[in-house]
Amino acid sequence: MPDKVLVLLHGRWYKPASMQDLAERLQLPHTACVTPAAPGRTWYPQRFMDPRAANEPKLSEAIEQVHDALDDLASRLRDDHGFELSQHFALTGRCASCA
């Protein structure tokens, strides 16, 4: 069982396979790699610097999709102390989505 998790989000118009290739090239032992796929290969429709409202509701849907992928992973993995990982993922995801 891996003792580390790497979450890689692909860029606009790229496929998750590009992140899986990167993970393989990194050769990180004992590391599980999660590469969620953006619907239509984009996480949000407009530019990053546009007001958030311009990217809704797609941005919120994408954030939820990433959270779902992390929750799914957390349901299958436990850290070394036996604690559920979902709190770690939820905190990380919430912080990232607030930026």
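Rules of the game
Residues numbered from 1 in each chain as written. Predicted model: local features only at pLDDT ≥ 70, side-chain atom pairs only at ≥ 80, totals over all residues. Heavy atoms only, no water. Helix = DSSP H or I, 4+ residues; strand = E, 2+ residues; numbered from the N terminus. Buried < 20%, exposed > 50% of the residue type's maximum accessible area, 1.4 Å probe, protein only. Contact = heavy atoms within 4.5 Å. Areas by Shrake-Rupley, 256 points an atom, 1.4 Å probe, with all protein chains shown as cover. Core = buried A, V, L, I, M, F, W, Y, C linked by side-chain atoms within 4.5 Å. Salt bridge = Lys/Arg side-chain N within 4 Å of Asp/Glu carboxyl O.

Chemist: Mind laying out the overall build of the chain, listing which residues take part and the relevant values?
Modeler: Looking only at helices and strands, one finds 3 helices and 2 strands in the chain. Start at the N end of the chain and walk to the C end: the helices and strands fall as β-α-β-α-α. Split into buried and exposed, the 99 residues of the chain put 26% on the buried side. Once local pairs closer than 6 in sequence are excluded, the contacts in the chain between residues at least 24 apart make up 55%. Total accessible area on the chain stands at roughly 7000 Å², and carbon and sulfur atoms take up 58% of it.

Chemist: Account for the nonpolar core, naming residues and giving values.
Modeler: By size, the foremost hydrophobic cluster in this structure holds 5 residues: Ala38, Trp43, Ala62, Val66 and Leu70. Dropping the residues within four chain positions of it, Ala38 is found in contact with His10 and Trp43.

Chemist: Report on the pattern of salt bridges, specifying residues and quantitative values.
Modeler: Per the stated rule, a full pass over the model turns up 3 salt bridges. A salt bridge links Glu56 to Arg52, with the nearest nitrogen and oxygen atoms 2.9 Å apart. By relative accessible area, which is 28% here, Glu56 ends up partly exposed. We note a salt bridge from Glu61 to Lys58, for which the minimum N-O separation is 3.9 Å. Within this pair, Glu61 and its partner Lys58 are both found in helix 2 (residues 58-76), separated by 3 residues, close to a single helical turn. When its relative accessible area of 46% is taken as the criterion, Lys58 is described as partly exposed.

Distances and angles like these do not, on their own, reveal function.
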